[in-house]
Amino acid sequence: MSDAQHAAGSLTLLPAADHLHLLPEAVRAALPQGAWVADIDPDLADTAALVEAAGVPLDGSANCVVVAGKREGEERIAACVVLASTRADVNGAVKRLLEVRKASFLSMDRAVEESGMEYGGITPVGLPSGWRVLVDQRVADTDWLLVGSGLRRSKLVVRGSDLAALPGAEVVDIAMDIPQS
C-alpha cells in the first residue's frame, strides 16, 4: 500500500471493496480490484484544496472532465482524465479525437444527471457505457493515482493501468502542461 499511500498524502486509505458506502452505485459496479478509498471533507473535494490540506501530490492525482461536441447532428461525449499537474487540451487534441469542430465542457446538470455522480467528484470509473474515456498517457503510466470517487466526500486511489483498462478507455496524449507563473 505504500505507493498508494504516497498518492493519498496524509489521507487514510481504506480498502474500497470493504467501504462501498463511500461510493455511488455506478462506481461500485465498476470498481477495479485493489482500489482504495479515502473519506474526505466535501469542502476539500477540489484538487487545489486537497493538495493544500492533505499534502496530496499533483503528479499523483488525476482530474476527470467531461466534454462534448457535435458532428453531423450526432453528439459525442468523452471523459478526459489527466494528471492534476496538467490540463486537458480540449480545443486541440480532444477536439481532434472526437472529430468535432468545437468541444466544450458538458453542463454541470447534464454531467451529474447522466453520470449518476456528484459534480466535483466525477470519476472515470463507472461512467455511462456510451461515453468515451480518454486517458492521458501520463495517467496510464502512473502507478497509483488519487481521483474522484463519484462523491464529493471521498476519493479513490487506483492504478493508472486500471484507468487505462476501463470500458471505453483509450490511452492518448491529451494533456498540456500548465504554464508556471
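Look up: the structure comes first, before these words.
Computed from a prediction, not measured in an experiment: that's the story for all the values here. (Residues numbered from 1 in each chain as written. Predicted model: local features only at pLDDT ≥ 70, side-chain atom pairs only at ≥ 80, totals over all residues. Heavy atoms only, no water.)

Visitor: What should I look at first to understand the side chain of S149 in this one?
Guide: Mapped onto the secondary structure, S149 falls in the loop between β8 (144-148) and β9 (154-159). Within the structure, S149 has its side chain in polar contact with the backbone oxygen of L151 (distance 3.2 Å). Looking at S149, its side chain comes within polar contact range of the side chain of S154, at 2.6 Å. Apart from the residues within four sequence positions on either side, S149 is in contact with L22, L23, P24, V27, G121, T123, S154, K155 and L156. (Helix = DSSP H or I, 4+ residues; strand = E, 2+ residues; numbered from the N terminus. Polar contact = N/O pair within 3.5 Å; in protein donor to acceptor, adjacent residues only side chain to side chain. Contact = heavy atoms within 4.5 Å.)

Visitor: Looking at this structure, I do not really get the nonpolar core. What am I missing?
Guide: Burial of nonpolar side chains together is a common tendency in soluble globular proteins. Counting 32 residues, the largest nonpolar core has V81, V139, L156 and L163 as the members making the most contacts within it. Sorting the residues of this core by element identifies β3 (62-71), β4 (74-83), β7 (132-136), α6 (137-140), β8 and β9 as the ones contributing at least two each. Setting aside residues up to four positions removed in sequence, V81 forms contacts with A62, N63, C64, P124, V133, L134, V135, D136, V139, L163 and I174. (Core = buried A, V, L, I, M, F, W, Y, C linked by side-chain atoms within 4.5 Å. Buried < 20%, exposed > 50% of the residue type's maximum accessible area, 1.4 Å probe, protein only.)

Visitor: Hey, could you run me through the sheet that holds β9 in this one?
Guide: Hydrogen bonds along the backbone pair up the strands of a sheet, which may run parallel or antiparallel. Taken in spatial order, the 4 strands make up an open sheet running β1-β2-β9-β8, and their pairing is antiparallel. Where the open sheet ends on each side, the last strands, each with one partner, are β1 (14-15) and β8. Pairing of β1 with strand β2 (residues 36-39), which is carried by 2 bridges, proceeds in the antiparallel orientation. When the bridges of β2 are listed, L14 appears paired with V37. (Pairing = 2+ DSSP bridges.)

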